[in-house]
Amino acid sequence: FRCESTHMVGYVIPKQWGFDNYVRLFTATSFPKWYANTFIIALCQSVGVTVVTLCMSYCLSRFRFKLRKPLMQFMLILGMFPGMLGMIILYNVLKDLGMTEANAVPGLILVSIAGAGMGYYVSKGFFDTIPTTLDEAARVDGATRWQVFYKVIMPLSGSIVIYTILLGFMAPWGDFMMASYIIHENSAGMSVAVG
């Protein structure tokens, strides 16, 4: 609410109050468009990330297959590298698909959902705490694997579902590095953090 200049001052409480900064935000910038872009990314990302993460976590928690341990170790090792290492190749792929600059919203959604399976750790730990006897009882009663997951495990997993949805929804609001690299200061595709 400070209407004075933004240079360093020797006091905390502003001497001039007003809404000039808010007026400038909505008239001199494309803030509503940036907000809409970020909201669309957040909604799509929360749904996509939740589905991919929960399915991956359930599979790694319940199914036993030959390369299960090496796959989890490989994803753990890949997670130790910063995401910035792959930014150049991701940008080139998204550019070839036409998902950069003004069309960056689908590109940002695609990148976040594609890497969602790597964040299985917390959800897998939660699914490990649910007794497997529930799965076995449902299978004896004739349920398919999908029915066990959807009708038995998911009703017991409300807290982890909400956690995953919130994590997926909050991520785009603070994503600056990847978003700014893909958007390239194009106002039509900007998110709030980049704008």
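Residues numbered from 1 in each chain as written. Predicted model: local features only at pLDDT ≥ 70, side-chain atom pairs only at ≥ 80, totals over all residues. Heavy atoms only, no water.

## Let's talk about the packing of aromatic side chains
The geometry of an aromatic ring pair comes down to the distance between the two centres and the angle between the two planes. Stated formally: We call Phe, Tyr and Trp rings a pair once their centres come within 6.5 Å, taking the six-membered ring for Trp, and we label the pair stacked below 30 degrees between planes, edge-to-face above 60, and tilted otherwise. Segments assigned H or I by DSSP are reported as helices when at least four residues long, segments assigned E as strands when at least two residues long, and all are numbered from the N terminus. Partly exposed describes any residue whose relative accessible area lies between the buried limit of under 20% and the exposed limit of over 50%, with all areas from a 1.4 Å probe on protein chains only and scaled to the type maximum. For a ring to carry a charge above it, either NZ of a lysine or CZ of an arginine must fall within 6 Å of the ring centroid while also lying within 35 degrees of the normal to the ring plane.
Applying the stated criterion across every chain yields a total of 17 aromatic pairs. Ring geometry for Phe 39 versus Phe 169: centroids 6.0 Å apart, planes at 85°, classification edge-to-face. Here the residue Phe 39 occupies a position in helix H2 (residues 31-62), and Phe 169 occupies one in helix H9 (residues 158-174), the gap between them amounting to 130 residues. We classify Phe 39 as partly exposed; its relative accessible area is 36%. Considering the side-chain rings of Tyr 120 and Tyr 121, the 4.4 Å spacing of their centres and the 40° angle between planes classify their relative orientation as tilted. A connected cluster of aromatic rings, assembled from ring pairs, spans Tyr 58, Phe 63, Phe 126, Phe 127, Trp 146, Phe 149 and Tyr 150. Across from the ring centre of Tyr 11, 4.4 Å away, lies the NZ or CZ of Lys 15, which sits over that ring.

## Some details on the pattern of salt bridges
Worth spelling out the cut-off: The salt bridge definition used is simple: a Lys or Arg side-chain nitrogen within 4 Å of an Asp or Glu carboxyl oxygen.
Evaluated as defined, the whole model comprises two salt bridges. Between Arg 62 and Asp 135 there is a salt bridge, with its nearest N and O atoms 2.7 Å apart. With Arg 62 in helix H2 and Asp 135 in helix H7 (residues 132-140), this residue pair connects regions lying 73 residues apart in the sequence. Here Arg 62 and Asp 135 have matching classes, each one buried.

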